[in-house]
Amino acid sequence: MEDQTLHLDMIVSKIQNSLKRTCYRPWEAAVAPFCVAPKVYYVGGNDWVACYLIDTGEGLILIDAAMQEIMYLVTESVRLLGYDPLDIKKILISHAHLDHCGGVRALSEYTGAEIYMSREDWDFMQNHREVVFHKPFAVGDFTPDKFYEKDCPVTLGKITVETLHTPGHTPGTTSFFFTVADDKGTKYRCAMPGGLGLNSLSNQYLDKIGLPRTLQKSFCESLRKLKEIEVDITLPSHPDILEQFFELADRKTCNFQLYVNKTVWTQLMDSHIRMMEQLLGRPV
Ligand SMILES: [Zn+2]
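Figured I'd write up the structure that's included with this text. Being a predicted model, the structure only gives us computed values, none of them experimental.

What counts, and where the lines are drawn
- Within every chain, residues take consecutive numbers counted from 1 along the sequence as written.
- Only residues with pLDDT of at least 70 get local features here, since the model is predicted, and only at 80 or more are side-chain atom pairs given and counted; chain-wide, interface and lining totals rely on the full set of residues.
- Where side-chain values are given, they derive from all heavy atoms of the structure, hydrogens and water being excluded.
- For Phe, Tyr and Trp, rings pair up if their centres lie within 6.5 Å, where Trp contributes its six-membered ring, and each pair is then called stacked (planes under 30 degrees apart), edge-to-face (over 60) or tilted (otherwise).
- Strands are runs of DSSP state E lasting at least 2 residues, helices are runs of H or I lasting at least 4, and numbering of each runs from the N terminus.
- Burial here depends on accessible area, computed with a 1.4 Å probe over protein chains only, as a share of the maximum for the residue type. Under 20% is buried, over 50% is exposed, and the range in between is partly exposed.
- Sitting over a ring, as applied to charges here, requires NZ of Lys or CZ of Arg to be within 6 Å of the ring centre and within 35 degrees of the ring normal.
- As a rule, the C-alpha atoms of each element are fitted with a line to give its axis, helices using only the stretch in contact, and angles between N-to-C directions run from 0 to 180 degrees.
- Any angle that is under 35 degrees is reported as roughly parallel, and any over 145 degrees as roughly antiparallel; angles of 65 to 115 degrees are reported as roughly perpendicular and all others as oblique.
- A clockwise turn of the near helix away from the far one marks a right-handed crossing, whereas an anticlockwise turn of less than a right angle marks a left-handed crossing.
- The contact rule is simple, with two residues in contact once any of their heavy atoms fall within 4.5 Å.
- When residue character is reported, Ala, Val, Leu, Ile, Met, Phe, Trp, Tyr, Cys and Pro are called nonpolar, Asp, Glu, Lys and Arg charged, and the others, Gly included, polar.
- Criterion used throughout: strands pair if DSSP finds at least two bridges between them.
- Counted as salt bridges are all cases of a side-chain nitrogen of Lys or Arg within 4 Å of a carboxyl oxygen of Asp or Glu.
- Each cavity reported here is a set of points on a 1 Å grid over the protein atoms alone in which a 1.4 Å probe fits but cannot get out, each pocket an open set with protein on both sides within 12 Å along at least five of seven lines, and each lining residue one with an atom within 4 Å of a point.
- Grid points are joined across faces, edges and corners, and a volume is the space filled by probe spheres set on the points.

## Observations concerning the packing of aromatic side chains
Here comes step 1: Inspection of every chain in the model, using the stated rule, returns 15 aromatic pairs.
Here comes step 2: Taking 5.8 Å as the distance between ring centres and 65° as the angle between the ring planes, the aromatic pair formed by Tyr 42 and Phe 245 counts as edge-to-face. Taken together, the positions of Tyr 42 in strand β2 (residues 40–42) and Phe 245 in the loop between β12 (233–234) and α9 (262–280) put the pair 203 residues apart, joining distant regions of the chain. Across this residue pair, the class does not change: Tyr 42 and Phe 245 are buried.
Here comes step 3: Every member of this aromatic cluster is reached through a ring pair, and the members are Phe 34, Tyr 42, Tyr 52, Phe 245, Phe 246 and Tyr 259.
Here comes step 4: If you follow Arg 129 out to its NZ or CZ, it ends over the ring of Phe 133, 4.3 Å from the centre.

Structure representation (structure tokens):
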């Protein structure tokens, strides 16, 4: 019970900080969908945790499934863009925390979409169920249809999503990379880091949950590995990790150019390396 309370406190405080509100009800903060890259859209429906929709030409891929309480905002976002939620064929989960996978059961039952996640976070979920499944939030239990395979990216239609195991935030946190092209054929490399929150990396948290402190080292290694990758468009898993993410949205003409910036990705990794140094009180 203590573990549950600890994790819940962290989630609640993160939501409060993010929303600058005194309650934790992200499903009340409706955000209309918008374009972040060619045929790629923010469909989180709320301003706290992201979901991204990719139109592959042969069906839709959804990255992350938010909380179950937010599901109606996600499906409505998909409809507002002119798509049918029933065309979602694959749901890719970044990591096994309820704000990213809480809605996946409801959504997969509704759409019939296949659920993908990492084998490492599947094990984490089975061995630490109190971290993922707890009240007051509803989290439907689920079994993934497929695990990410190192040399086997997820392909649907014209889009191939490469997955990279980037442990730290959870043991199986997975980051996503894919390339899209605009009408003129210009290509853009898009990426979403699977989980950058330091909330699950303190000694206190890891000891309470019963996870090894070596995850701190893994996280630093993941950040360095990610930093080496060239990315044109950074898709934050929580919008608040990027300044002005919502302000740059163009909902009228779908102009995504303001999101094209190679330095955003490397700066994001650098800032988290510095935050880890602060957390650990030493260079990493
Ligand atoms: Zn998380």
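## Let's talk about the packing of helix α2 (residues 71–80) against helix α4 (residues 104–111)
Packed helices, taken two at a time, are described by their axes: the angle between them and the distance between them.
Here comes step 1: Across the interface, α2 lies against α4 with an axial gap of 10 Å and an inter-helix angle of 45°. Put simply, α2 runs oblique to α4. Viewed along their axes, α2 and α4 form a crossing whose handedness is right-handed. Packed against α2, whose contacting residues are Met 71, Thr 75 and Arg 79, the element α4 presents Ala 106, Leu 107 and Tyr 110 at the interface.
Here comes step 2: Across the contact of α2 with α4, the residue classes tally to four nonpolar, one polar and one charged.

## A short note on the sheet that holds strand β10 (residues 174–181)
Here comes step 1: If you trace the five strands from one edge of the open sheet to the other, you get β8-β9-β10-β11-β12, paired in mixed fashion. In this open sheet, the two edge strands, each paired with only one partner strand, are β8 (154–156) and β12.
Here comes step 2: Bridge count between strand β11 (residues 187–192) and β12: two bridges; the pairing is parallel. Within the sheet, the bridge partner assigned to Ala 191 lies in β12 and is Thr 234.

## Focus on unusual backbone geometry
With glycine set apart, most residues show a phi of negative sign, and most peptide bonds adopt trans.
Here comes step 1: Even without a glycine there, the phi angle at Asp 64 is positive, about 70°.
Here comes step 2: As for its placement among the helices and strands, Asp 64 is situated in the loop between β4 (60–63) and α2.
Here comes step 3: A relative accessible area of 0% places Asp 64 in the buried class.

## A closer look at the pattern of salt bridges
Here comes step 1: Applying the stated criterion across every chain, the model contains twelve salt bridges.
Here comes step 2: Put simply, Glu 114 and Lys 90 hold a salt bridge, and the shortest N to O gap is 3.0 Å. Of this pair, Glu 114 sits in strand β6 (residues 114–117) while Lys 90 is found in strand β5 (residues 88–92), placing the two residues 24 residues apart along the sequence.
Here comes step 3: Assessed through its relative accessible area of 10%, Lys 90 is described here as buried.
Here comes step 4: Residues Asp 207 and Arg 213 are paired through a salt bridge, measuring 2.6 Å at the closest nitrogen-oxygen approach.

## Section: the sheet that holds β4
Here comes step 1: Reading across the sheet, the seven strands line up as β1-β2-β3-β4-β5-β6-β7 and stay open at both edges, with mixed pairing between neighbours. Either end of the sheet is taken by a strand with one partner, and the two such strands are β1 (34–37) and β7 (146–147).
Here comes step 2: Here β5 runs beside β6; their pairing, made up of three bridges, is parallel. Looking at β6, one finds that Leu 92 is bridged to Tyr 116.

## A closer look at the environment of Ala 249
Here comes step 1: By the secondary structure assignment, Ala 249 is in the loop between β12 and α9.
Here comes step 2: What Ala 249 contacts, discounting residues up to four positions off in sequence, is Phe 34 and Tyr 259.

## Side note on the pairing of β10
Here comes step 1: The buried fraction of β10 amounts to six of the eight residues, a majority that puts the element mostly inside the structure.
Here comes step 2: With six bridges joining them, β10 and β11 adopt antiparallel strand pairing. Each residue of the ladder has a partner; that of Val 180, found in β11, is Tyr 188.

## Looking at empty space enclosed by the protein
One way to see where empty space is left: roll a probe the size of a water molecule over the atoms.
Here comes step 1: Summed over all chains, the structure comprises one cavity of 30 Å³ or more.
Here comes step 2: Considering only enclosed or pocket space, the largest cavity measures out at about 30 Å³ in volume.
Here comes step 3: Taken together, Thr 166, Ser 175, Gly 194, Gly 195, Leu 196, Phe 219, Ser 222, Leu 223 and Leu 226 make up the lining of the largest cavity.
Here comes step 4: In terms of residue count, the dominant contributor to the lining of the largest cavity is helix α8 (residues 214–227) (four residues).
Here comes step 5: Looking at side-chain class alone, the lining of the largest cavity contains four nonpolar, five polar and no charged residues.

## Quick notes on the pairing of β6
Here comes step 1: Here β6 runs beside β7; their pairing, made up of two bridges, is parallel. Looking at β7, one finds that Met 117 is bridged to Phe 147.

These figures come from the coordinates and say nothing about function on their own.
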